[in-house]
Amino acid sequence: MKSDARVVVIGGGVVGASVLYHLTKAGWKDALLIERGELTCGSTWHAAGGMHTLNGDPNVARLQQYTINLYKELEKISGQSCGLHMPGGIMLAGTRERFDWLKMAKARGRYLGMELELISADEAARVFPIIDKRHFVGALLDPIEGHVDPYGVTHAYAKAAQIGGAQVVRHTRVTDLKARGDGSWDVITEAGNVHAEHVVNAGGLWAREVGRMVGLELPILAMQHQYLITEDLPALKGQKELLTCIDFEGEIYTRQERGGVLLGTYERAGVPWSPLQTPWDFTQSLLPEDLDRIAPSLEVGFQHFPALGEVGIRKVVNGPFTFAPDGNPLVGPVRGLRNFWVACGVMAGFSQGGGVGLALAQWMVEGDPGADVWAMDVARYGDWTTLAYTNAKVRENYSRRFRIRFPNEELTAARPLRTTPIYERLQAEHAVFGDYCGLEHPLWFAPSAAQATEDITFHRSNAHPQVAAECQAVREAVGLLEISNYGKFEVTGPGTEEWLSYVMANRVPKVGRIALTPMLNERGKLIGDFTLCRLSAQRVFLICTYAAESYYRRWFERHPPPPAVTVRPCAMEYVGLSVAGPRSRALLQGLVREDLSSAAFPFLSFRPLDVGMIPALVGRISFTGDLGYEIWVTTEYQRALYDLLVGAGAEQGLKLFGGRALNTMRIEKSFGTWAREYRPIYGPYEAGLWRFVDLKKGEFIGRAAALEERDSGGTLCLVTFTVDASDADASGDEPIWHDGKVVGWVTSGAYGHSVRQSLALGYVPAALTNETSGFEIEIIGERRKALRHPAALFDPDGTKMRA
Ligand SMILES: Cc1cc2nc3c(=O)[nH]c(=O)nc-3n(C[C@H](O)[C@H](O)[C@H](O)COP(=O)(O)OP(=O)(O)OC[C@H]3O[C@@H](n4cnc5c(N)ncnc54)[C@H](O)[C@@H]3O)c2cc1C
């Protein structure tokens, strides 16, 4: 084994091998993969090898498409067969709701170029003859599905990488990792040390243990997973290969395996494997079979696929593989560690491995993953993902693998975990809570405790009238919203302004003022949207998206401030309440000594004020688009502040409102939000944030690219629609049609209670910027007329928030 390498990849499963191949392809030929056993000896070797393109996140779906399309190229380069079978796939719906879900999946597939086809139960039985069609209402056909040979794929990646110059060392365990002062690593192995500039943790079942070598507790857990292979089915003899299949009601997937059928299941009572420590002596091993555990699914399976009950079981496989809490991979550089990368938690290695390898290799070589990988970025998790939290969430995710996730559905595992001081107060007001980064926050308020649960549905739910009342109170009187779930940073010290001016696209505001600003990467794409609140010459309070806190911190580490400047995350140190609506000034004026008139405290002011006895930071800003204030206090004051505002608000008609009402009101104002309208695939010009980019202030990250975007006009354009919808609104990722063609996608949608119309925000090609008509938005399989509006539907001139 060589003693120096540019990069060491730890782990020779399908993911590590893919990373190695993509690194060599991207030009890093001095790459070394170290594997403790044989290639594939973790979870890869016993996988069923199934692959499919659908994913809840369209950007991950794109990477899955890439993976599946890669196999032929890989076979050519390596000379190694991947055992590629592409019979196509069928997804069976046993209920109307599931069929609706399939309609939505088909719609979402449209702008990804997927050729999906909805068919009836009769047609399903024709193309997939082993089902009893009485159990199904319809199905979705996907021609790009199939399965591969896990051994073949992994060796094909490794061979292709070796042809590209990489080395693979087997039977050598990495036992420790030591960081050097220059950011490089000593990789300690059983066969000596390797000095590497970069390290990739692709340790699969042992990724957690490899993480612990550098003090990292990665949120991943292995689950036991079983499939069985039947004896040969007479019905399959001489026929072309069966489609791969997902039967959602049975929570079953199947594919043909020689003359029989491979049937696997994500059972509800899933069992974690080695929840605390993965044993190092588990090599090319399986777990004892436990058919009793999957008996309920098998029972359904034998009803739905009667032919399977007529033959015996040839083999049962029970093996572990890893998941992150949301089921998506963990990829990217790790904050706080230089040149340390992860590619783990990949639960669908044969659909995702190629895309993960490609994204990570581009990130390492080019400094950017080259695609929107937010949904699988390791930085989407923070300190709240303890071992026990991960355990609860992974078990929940596993048990729900084939269940419908409704757009208004809140998952229940690991809750409540984080609460703010007013949690019980809000509970007493019948708040229905959502979970955001493990933190409870109110979504809406029910009229009574008995009604404080939401029906999960694709249509408007029982929350609809309550949210309408909350919006009305805000628009006509005053509403009170808990805003603790925003991210916050405090930047202090001499040089604060210069550094912020370099990392943010807008000008740093004057003392006492607020400025909204995008943060751009070098390619001029949006990687954040911040509110900068200037408290003094050397102290700026930043408000941002909490879920992206680690992501931002990683970026700030890459573009560090001078030593005299401190950047301190303080999300849970400052909790907040917002009052919004035409009477919010009267409410707050009664509680502070300072003059809150527009002349004295205009829109976008920010100051420390005492609210009653409570020291607070108060900003005149509201995400609802009304006159409004955001009030930040350290945690111990929040209850007193809440009581004070609620008490004083009674005579102003104050009503509590939640995240649902906020969402509809911000869409009425055409205000975008991170991870929806603002993502690293859009530029500020495209996203309508141009007025927050200051090209005159001097150099900042992304300036040249932003300038280019402005001159070219960008390729996309964020627009606002009213939609001719009846009882279901867009929720995100629906296709936008224009003149009979799919031209774009929805980023957010909701019913706008104040404007009494169904609304959507979405991206269309810049060439359509001036079109207003001819648009349609596909909601639950139906194309609804949509009218594009050049400005926000509510208060387009912004006079209300400036009042
Ligand atoms: C029963 C079953 C069925 C499945 N079916 C499918 C399917 O149909 N489709 C699909 O896409 N996925 C399927 N999977 C999941 C699939 O197996 C995983 O997504 C995939 O194997 C993950 O690959 P990996 O490279 O991340 O991990 P692993 O395969 O676990 O590879 C990690 C490698 O790292 C090595 N390693 C770890 N630590 C060290 C160290 N310190 N030093 C040196 N080497 C180290 C290990 O020995 C191992 O070889 C299935 C899994 C199971 C269990």
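Details of the structure are given in the entry above.
Residues numbered from 1 in each chain as written. Predicted model: local features only at pLDDT ≥ 70, side-chain atom pairs only at ≥ 80, totals over all residues. Heavy atoms only, no water.

Chemist: Hey, could you go over the overall build of the protein chain for me, with residue numbers and the actual values?
Modeler: For the protein chain, the helix and strand inventory stands at 19 helices and 38 strands. The C-alpha atoms of the protein chain give 27 Å as radius of gyration, which agrees with the globular expectation for 803 residues (28 Å, within 12%). C-alpha atoms of the protein chain, sized along the principal axes, occupy 80 × 65 × 50 Å. Counting over 803 residues, the protein chain shows a buried share of 62%. Residue pairs at least 24 apart in sequence account for 72% of intrachain contacts in the protein chain once pairs closer than 6 positions are excluded. Total accessible area on the protein chain stands at roughly 29,600 Å², and carbon and sulfur atoms take up 50% of it. Placing the 83 positive and 92 negative side-chain charges of the protein chain at their respective mean positions leaves the two points 3 Å apart. (Helix = DSSP H or I, 4+ residues; strand = E, 2+ residues; numbered from the N terminus. Rg over C-alpha atoms; globule rule 2.2 N^0.38 Å. Buried < 20%, exposed > 50% of the residue type's maximum accessible area, 1.4 Å probe, protein only. Contact = heavy atoms within 4.5 Å. Areas by Shrake-Rupley, 256 points an atom, 1.4 Å probe, with all protein chains shown as cover. Lys, Arg positive; Asp, Glu negative; His and termini not counted. Charge placed at Lys NZ, Arg CZ, Asp CG, Glu CD.)

Chemist: How would you explain unusual backbone geometry if you had to name every residue and give the values?
Modeler: What you tend to see is this: most non-glycine residues have negative phi, and most peptide bonds are trans. The amide bond that connects R415 to the next residue, P416, takes the cis arrangement and shows omega of -10 degrees. Relative to the helices and strands, P416 is located in the loop between α10 (387-399) and α11 (423-428). Phi at R258 is positive, roughly 50 degrees, even though this residue is not glycine. Locating R258 in the fold gives a position in the loop between β14 (252-257) and β15 (260-265). The phi angle at D795 is positive, at roughly 45 degrees, despite the residue not being glycine.

Chemist: Lay out helix α12 (residues 464-476) with the relevant residues and their values.
Modeler: Helix length check: α12, at 13 residues, gives a terminal C-alpha distance of 18 Å against a target of 18 Å (1.5 Å per residue), a fit within 8%. Residues of α12 that are buried: V467, E470, C471, A473, V474 and R475. Buried residues along α12 sit against β21 (439-445), β22 (478-482), β28 (574-580), β32 (654-656) and α17 (659-668). (Expected span 1.5 Å × (residues − 1).)

Chemist: Outline the packing of α12 against α17, supporting the account with residue identities and numerical values.
Modeler: The interhelical angle for the contact between α12 and α17, taken along N-to-C directions, is 60 degrees, at an axis separation of 9 Å. Overall, the two elements α12 and α17 adopt an arrangement that is oblique. Crossing of α12 against α17: the hand is right-handed. Residues V467, E470, C471, V474 and R475 of α12 touch α17, and the partners they reach there are R660, A661, T664, M665 and E668. Across the contact of α12 with α17, the residue classes tally to five nonpolar, one polar and four charged. (Axes fitted to C-alpha atoms, helices over the stretch in contact; angles between N-to-C directions. Parallel < 35°, antiparallel > 145°, perpendicular 65-115°, else oblique. Left-handed = near helix turned anticlockwise from the far one by under 90°. Nonpolar A, V, L, I, M, F, W, Y, C, P; charged D, E, K, R; others polar.)

Chemist: Requested: an account of the packing of aromatic side chains, with residues and values cited.
Modeler: Under the criterion given, the structure shown has 33 aromatic pairs. Between F541 and F606, the aromatic rings sit 5.9 Å apart at their centres with planes inclined by 20 degrees, giving stacked as the arrangement. Placement of the pair is F541 in strand β26 (residues 539-545) and F606 in strand β29 (residues 606-611), with a sequence separation of 65 residues. You can call F606 buried: its relative accessible area is 2%. These aromatic residues form a ring-pair network of at least three members: W101, F248, Y253, Y266, F321, F323, Y398 and F402. Between the NZ or CZ atom of R98 and the centre of the ring of W101, over which it lies, the distance is 4.7 Å. The positively charged end of R475 is found above the aromatic ring belonging to F794, 3.5 Å away from the centroid. (Phe/Tyr/Trp six-rings, centres within 6.5 Å; stacked < 30°, edge-to-face > 60°. Lys NZ or Arg CZ within 6 Å of the ring centre and 35° of its normal.)

Chemist: Talk me through the side chain of T664; I want residue IDs and the actual numbers.
Modeler: Relative to the helices and strands, T664 resides in helix α17. Setting aside anything within four residues of it in sequence, one finds T664 in contact with V467, C471, A750, Y751 and H753.

Chemist: Would you mind going over the pattern of salt bridges in detail, with residue names and values included?
Modeler: Per the stated rule, a full pass over the model turns up 46 salt bridges. Salt-bridge contacts for E73 lead to K25; the nearest nitrogen and oxygen are separated by 3.1 Å. With E73 in helix α2 (residues 58-78) and K25 in helix α1 (residues 14-25), the pair connects residues that are 48 residues apart, well separated along the chain. Judged by its relative accessible area of 30%, E73 is partly exposed. On the basis of relative accessibility, which here comes to 49%, the residue K25 falls in the partly exposed class. One salt bridge in this structure joins R710 and D711, with 3.2 Å as the shortest N-O distance. With relative accessibility at 35%, the residue R710 sits in the partly exposed group. (Salt bridge = Lys/Arg side-chain N within 4 Å of Asp/Glu carboxyl O.)

Chemist: Outline the side chain of T457, listing residues and values.
Modeler: By the secondary structure assignment, T457 is in the loop between β21 and α12. Taking relative accessible area as the criterion, T457 reaches 14% and is therefore assigned buried. Of the polar contacts made by the side chain of T457, one reaches the backbone nitrogen of H459; its length is 2.7 Å. Non-local contacts of T457, meaning those with residues more than four positions away in its chain, are made with F406, P407 and N408. (Polar contact = N/O pair within 3.5 Å; in protein donor to acceptor, adjacent residues only side chain to side chain.)

Chemist: Describe in detail the nonpolar core, supporting the description with residues and values.
Modeler: L177, F340 and Y552 are the most contacted members of the largest nonpolar core, which totals 113 residues. For L177, the contacting residues outside a window of four places in its chain are I10, W185, D186, V187, I188, V199, V210, M213, V214 and F340. In this structure, L20, A31, V153 and A202 belong to the second largest nonpolar core, which totals 44 residues. (Core = buried A, V, L, I, M, F, W, Y, C linked by side-chain atoms within 4.5 Å.)

Chemist: Summarise the sheet that holds strand β33 (residues 716-723); cite the residues concerned and give the values.
Modeler: Judged by pairing direction, the barrel is antiparallel, and its six strands sit side by side in the order β33-β36-β35-β34-β37-β38 before closing back on the first. Between one strand and the next, the sheet's axes are offset by a mean angle of 45 degrees, whatever the strand orientation. Both β33 and strand β36 (residues 757-765) contribute to a ladder of eight bridges, which runs antiparallel. Of the residues in β36, the one forming a bridge with F721 is A760. Lying on the sheet, helix α3 (residues 96-110) is in contact with β34 (735-738), β35 (741-752) and β37 (775-779); it crosses β34 at an angle near 60 degrees. Seen against the sheet, α17 touches β35 and β36 and runs at an angle of roughly 125 degrees to β35. (Pairing = 2+ DSSP bridges.)

Chemist: Describe α3, listing the residues and the values that go with them.
Modeler: The terminal C-alpha atoms of α3, which comprises 15 residues, lie 21 Å apart, in line with the 21 Å expected from a rise of 1.5 Å per residue. Among all positions of α3, only R98, F99, D100, L102, M104, A105, K106, A107 and G109 are buried. On the buried face of α3, the contacting elements are β4 (89-93), β5 (117-120), β6 (138-142), β34 and β37.

Chemist: Just give me the short version of the environment of I404, but keep the residues and values in it.
Modeler: Relative to the assigned elements, I404 resides in the loop between α10 and α11. Separated by 280 residues in sequence, I404 and A124 have C-alpha atoms that sit 20 Å apart. In contact with I404, not counting residues within four places along its chain, are E97, R98, W101, E409 and F458.

Chemist: Run through the sheet that holds strand β31 (residues 628-634), naming residues and quoting values.
Modeler: Overall, mixed pairing links the six strands, which are arranged β29-β30-β31-β28-β22-β32 in an open sheet. Single-partner strands in this sheet number two, and they are β29 and β32. The mean angle between the axes of side-by-side strands here comes to 30 degrees, regardless of whether they run parallel or antiparallel. As paired strands, β28 and β31 are joined by seven bridges and run antiparallel to one another. Across the sheet, residue G576 finds its bridge partner in β31, namely W632.

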